[in-house]
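Okay, here's what each chain looks like letter by letter:
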Amino acid sequence: MKKDEIEEIYRLYYKDVYLYALSLARNRQDAEELASDAFYKALLSLETKSGSVKYWLFSVCRNLFLDQMRRRKRHPCEELSDKQTDDLEDTLAHLIREEEARKIYSCIQKLPDAYREMIFMFYFEEMSIAQIARLTGKGTASVKTGLFRARKKLKEWMEAEE
């Protein structure tokens with residue numbers, strides 16, 4: 001792969017991959033590292049893959065995150081410090097400017113991990129149900145049910161905030 005092609009892929013998809021990594025890691029530093037690692041690993045093997053580059057990058061990012069979580073279970077470490085949590089909130093506040101978007105995002109963060117991931121991929125990354133199913137290893141019916149339940153919960157929380 002040529003240097004120009006790599007730079008173009010990075011320019012096109014870094015923000016999306018970073019936001020996805022941030023939704024998984026919930027920490028700016030971990031998200032930056034996860035996104036960088038995902039690009040590095042994905043671009044090493046990209047020439048052998050066909051299909052959507054963005055989808056491939058998300059898949060690599062997700063797998064790296066899951067590997068990281070498995071390692072942490074084997075070697076537990078401290079919970080997120082207040083500084084890391086504050087750092088995440090500052091980053092998100094910068095990315096989400098409008099008040100209504102902040103409310104929605106806040107409700108999305110309350111969702112269980114699986115629902116939050118599905119909502120992010122479906123609405124923010126505009127992935128199809130079939131793509132989400134392949135990426136998460138779930139069936140399409142399971143993804144549809146998860147999205148339905150997540151939307152229902154979001155609606156309840158949004159109405160309660162009004």
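Per chain, residue numbering runs from 1 following the sequence as it is written. Totals for whole chains, interfaces and linings use every residue, but because this is a predicted model, local features are given only for residues with pLDDT of at least 70 and side-chain atom pairs only at 80 or more, for both listing and counting. Values reported for side chains reflect all heavy atoms of the structure, with hydrogen atoms and water molecules removed beforehand.

### Focus on unusual backbone geometry
Phi angles above zero are rare outside glycine, and R26 is one such case at about 60°. A run of H or I in DSSP counts as a helix once it spans at least four residues, and a run of E counts as a strand once it spans at least two, with each numbered from the N terminus. Mapped onto the elements, R26 comes out in the loop between α1 (3–25) and α2 (28–45). Even without a glycine there, the phi angle at E126 is positive, about 55°. Relative to the elements of secondary structure, E126 occurs in the loop between α6 (113–124) and α7 (129–136).

### Description of the pattern of salt bridges
Counted as salt bridges are all cases of a side-chain nitrogen of Lys or Arg within 4 Å of a carboxyl oxygen of Asp or Glu. Applying the stated rule across the entire model yields eight salt bridges. Its salt-bridge partner being R62, residue E117 comes within 2.6 Å of it at the nearest N-O pair. Of this pair, E117 sits in helix α6 while R62 sits in helix α3 (residues 53–74), and the two are 55 residues apart along the sequence. The exposure classification of E117 matches that of R62, with both residues buried. Of the charged contacts in the structure, one is a salt bridge between D67 and R70, with a shortest N-O distance of 2.7 Å. Linking D67 with R70, this pair stays in helix α3, spanning three residues, or about one helical turn. Judged by relative accessible area, R70 falls into the partly exposed class, the value being 45%. Burial status follows relative accessibility: with a 1.4 Å probe on protein chains alone, a residue under 20% of its type maximum counts as buried, one over 50% as exposed, and anything between as partly exposed.

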